[in-house]
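Each chain, written out:
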2 protein chains.
Amino acid sequence: MTSSTTQREYTIREAAALTGLPASTLRYYESIGVIAPVSRGASSGHRVYDEGDLDQLMWVACLAATGMSVGDMRAYVANGALGPEAALGQIELLSAQAQRLAAEAEQIVLRRRYVQIKIDYWRAVESGDTARADLLSAEARALADELRGARKPHVL
Amino acid sequence: MTSSTTQREYTIREAAALTGLPASTLRYYESIGVIAPVSRGASSGHRVYDEGDLDQLMWVACLAATGMSVGDMRAYVANGALGPEAALGQIELLSAQAQRLAAEAEQIVLRRRYVQIKIDYWRAVESGDTARADLLSAEARALADELRGARKPHVL
DNA sequence: GCTTTGACTTCACGCACTTGAAGTTCCTAG
DNA sequence: CTAGGAACTTCAAGTGCGTGAAGTCAAAGC
C-alpha cells in the first residue's frame with residue numbers, strides 16, 4: 001500500500017485526526033507493539049508518522065472496530081510487516097477479517113429485526129391490540145433464540 | 001412483553017443459557033442496577049428468574065451488544081420498568097437504538113468494502129499488476145476517509 | 001450422615017484504554 | 001534574544017466492564 005509518491009510526514013496530532021484514533025491510543029498501540037515503532041524527529045524525539053504508518057494505523061483501527069483483541073492485532077500486523085512477499089498471508093488474514101465482518105453484519109440484521117418487533121409490539125400495546133401484541137411477543141422470543149444462536153465473542 | 005401464560009421460573013444457570021450471557025454477568029448487571037433485583041427462593045436465597053426478568057435481560061443483551069454503556073442501559077431499563085403506560089417512551093428508546101444499529105450497519109458495510117479492496121490490492125501485488133495495485137491503494141485511502149467520517153463512539 | 005452439586009458473596013484481577021503529572025521542545029512574537 | 005505557550009515526551013495511576021477464584025451455604029442422592 002506504499003507508493004513512493006509524496007512521502008509526507010505527520011505529527012501525532014495529524015495522525016490522530018487522519019485515523020480518527022486519539023493520540024493517546026496511538027502511543028498506546030505503539031507501546032504494546034500493535035504497530036511498529038514510529039520514527040522520531042532527530043532533535044525533538046517527537047513521533048513522525050509517514051504514509052506507511054498511517055496505513056497500518058487505518059488497518060488496525062479497522063480491526064479494533066470489530067472487537068479484535070490487541071494481542072491478535074499484534075500478530076496480524078507483525079505478519080503484515082514482512083513486506084510484499086507476504087501477499088498470500090495478508091490475503092488469508094483479510095479473508096478471516098471479512099468473515100468476521102460478515103458474521104457481525106448478520107448479527108446486526110437480527111438485532112435490527114428484534115428492535116423493530118419490539119417497536120411494533122409497543123405500538124400494538126398502545127393501541128390496545130393485545131392479540132397482535134401477544135403475537136409479536138412470541139415473535140420476539142423466537143428471534144431472541146436466533147440472536148443467541150449466532151453469537152460472536154466480541155464486546156460481550 | 002409479558003403474557004400471563006405459563007409463568008415459568010428459571011435458575012440463574014437456565015437464565016444464562018437462555019440469554020446467552022454468563023451467570024457472572026447476570027449477577028453483575030443486577031449488582032449495578034442494570035436490571036431490577038431478581039426475586040429469591042425463600043429457603044435458599046438463590047435467584048429465581050421469571051419471564052419478565054428474561055425478557056429484560058434479552059433486551060439488555062441487545063443493548064450491550066451494540067456498545068451501550070451500563071449507565072445508559074440502566075436508564076433505559078428503569079423507564080421500561082414503568083409498565084405498559086410507558087409505551088411511548090419505550091418506542092422512543094427503541095427508535096434511538098434502531099438508529100444506533102443502522103449507523104453500525106453502515107459502518108460495517110464500509111469496513112467490508114475496505115477489506116475487500118485490501119484483498120484485491122494484495123492479489124494485484126501478487127500478480128505483479130502494480131498499476132492496479134496503485135489504483136486500489138488510492139481507493140482504500142479514499143474509503144478510509146469515509147470510514148473515519150462516519151465514526152461511532154462504541155468500542156473505540 | 002456424608003458428599004456432591006449448584007448458587008451464594010466478596011474481592012481481586014484483566015483488558016483496553018484514558019487521564020494526569022512533570023518534564024522537554026518547538027514556535028511565535030515582542 | 002528571550003519569554004510564553006502549545007504540543008510533545010514518559011510514566012503512573014485510574015476507569016469501565018466484566019471475569020475468575022476463594023470460601024460458604026443449602027438441598028439432594030447414595
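Above this text you will find the structure in question.
Definitions and limits used
- Residues numbered from 1 in each chain as written.
- Chains lettered and ligands numbered in written order.
- Predicted model: local features only at pLDDT ≥ 70, side-chain atom pairs only at ≥ 80, totals over all residues.
- Heavy atoms only, no water.
- Near = heavy atom within 4 Å.
- Polar contact = N/O pair within 3.5 Å; in protein donor to acceptor, adjacent residues only side chain to side chain.
- Helix = DSSP H or I, 4+ residues; strand = E, 2+ residues; numbered from the N terminus.
- Least-squares fit on C-alpha atoms with pLDDT ≥ 70 in both.
- Contact = heavy atoms within 4.5 Å.
- Nonpolar A, V, L, I, M, F, W, Y, C, P; charged D, E, K, R; others polar.
- Salt bridge = Lys/Arg side-chain N within 4 Å of Asp/Glu carboxyl O.
- Buried < 20%, exposed > 50% of the residue type's maximum accessible area, 1.4 Å probe, protein only.
- Axes fitted to C-alpha atoms, helices over the stretch in contact; angles between N-to-C directions.
- Parallel < 35°, antiparallel > 145°, perpendicular 65-115°, else oblique.
- Left-handed = near helix turned anticlockwise from the far one by under 90°.
- Buried area = accessible area lost by both parts, 1.4 Å probe.

Caption draft 1: Fine view of the protein's contact with DNA strand D. Taken together, 17 residues surround DNA strand D, and among them Arg27 and Arg47 of chain A together with Thr25, Ser43 and Val70 of chain B come closest. A share of 86% of the atoms of DNA strand D within 4 Å of the protein falls on sugar and phosphate groups. For DNA strand D, a phosphate oxygen lies 2.2 Å from a polar atom in the side chain of Thr25 of chain B. Tyr29 of chain B is positioned with one of its side-chain polar atoms (N or O) 3.2 Å from a phosphate oxygen of DNA strand D. Listed by contribution, the elements that provide at least two residues to the surface near DNA strand D are helix 1 (12-19) of chain A together with helix 2 (23-31) of chain B.

Caption draft 2: Local environment of the relation of the copies chain A and chain B. Between chain A and chain B, which share one sequence, the superposing operator has a rotation angle of 180° and an axial displacement of 0.0 Å; the RMSD is 0.1 Å. These values place the two chain copies in the arrangement generated by a two-fold rotation axis. Among all residues of chain A, the one whose C-alpha sits closest to the rotation axis is Ala105 of chain A, at a distance of 3.3 Å. An overlap of 100% is found between the interface residues of chain A and their copies at the interface of chain B, pointing to a shared contact surface.

Caption draft 3: Representation of the protein's contact with DNA strand C. With respect to spatial proximity, 19 residues lie near DNA strand C, and among them Thr25, Ser43 and Val70 of chain A together with Arg13 and Arg47 of chain B are the closest. Among the atoms of DNA strand C lying within 4 Å of the protein, the sugar-phosphate backbone contributes 88%. Thr25 of chain A has a polar side-chain atom sitting 2.7 Å from a phosphate oxygen of DNA strand C. Interatomic distance of 2.7 Å between a side-chain N/O atom of Arg13 of chain B and a phosphate oxygen of DNA strand C. Looking at the surface near DNA strand C, the elements that each hand over two or more residues are helix 2 (23-31) of chain A together with helix 1 (12-19) of chain B. Looking at the surface near DNA strand C element by element, the count peaks at four residues for helix 2 of chain A. When its residues are assigned to classes, the surface near DNA strand C shows seven nonpolar, eight polar and four charged.

Caption draft 4: A look at the pattern of salt bridges. Under the counting rule described, the total for this entry stands at nine salt bridges over all chains. Among the ionic pairs, Asp55 of chain A bridges to Arg141 of chain B, the shortest N-O distance being 3.9 Å. With Asp55 of chain A in helix 3 (residues 51-65) and Arg141 of chain B in helix 6 (residues 130-149), the pair connects residues from two separate chains. Asp55 of chain A sits in the buried class, given a relative accessible area of 15%.

Caption draft 5: Up close: the packing of helix 1 of chain B against helix 3 (residues 51-65) of chain B. Residue and element names in this part refer to chain B. Contact geometry of helix 1 with helix 3 gives a least axis separation of 10 Å together with a crossing angle of 40°. With respect to each other, helix 1 and helix 3 are oriented oblique. Relative to helix 3, helix 1 is oriented so that their crossing is right-handed. Counting all contacts with helix 1, which are made through Ala15, Leu18 and Thr19, the residues of helix 3 involved are Leu54, Leu57 and Met58. For the contact of helix 1 with helix 3, a count of residues per class yields five nonpolar, one polar and no charged.

Caption draft 6: Looking closely at the interface of chain A and chain B. Counting residues at the interface gives 55 residues for chain A and 55 residues for chain B. Roughly 4800 Å² is buried in total at the junction of chain A and chain B, and carbon and sulfur atoms are behind 68% of that figure. Applying the counting rule to chain A against chain B returns five salt bridges. Asp55 of chain A is paired through a salt bridge with Lys118 of chain B; the nearest N and O atoms lie 3.5 Å apart.

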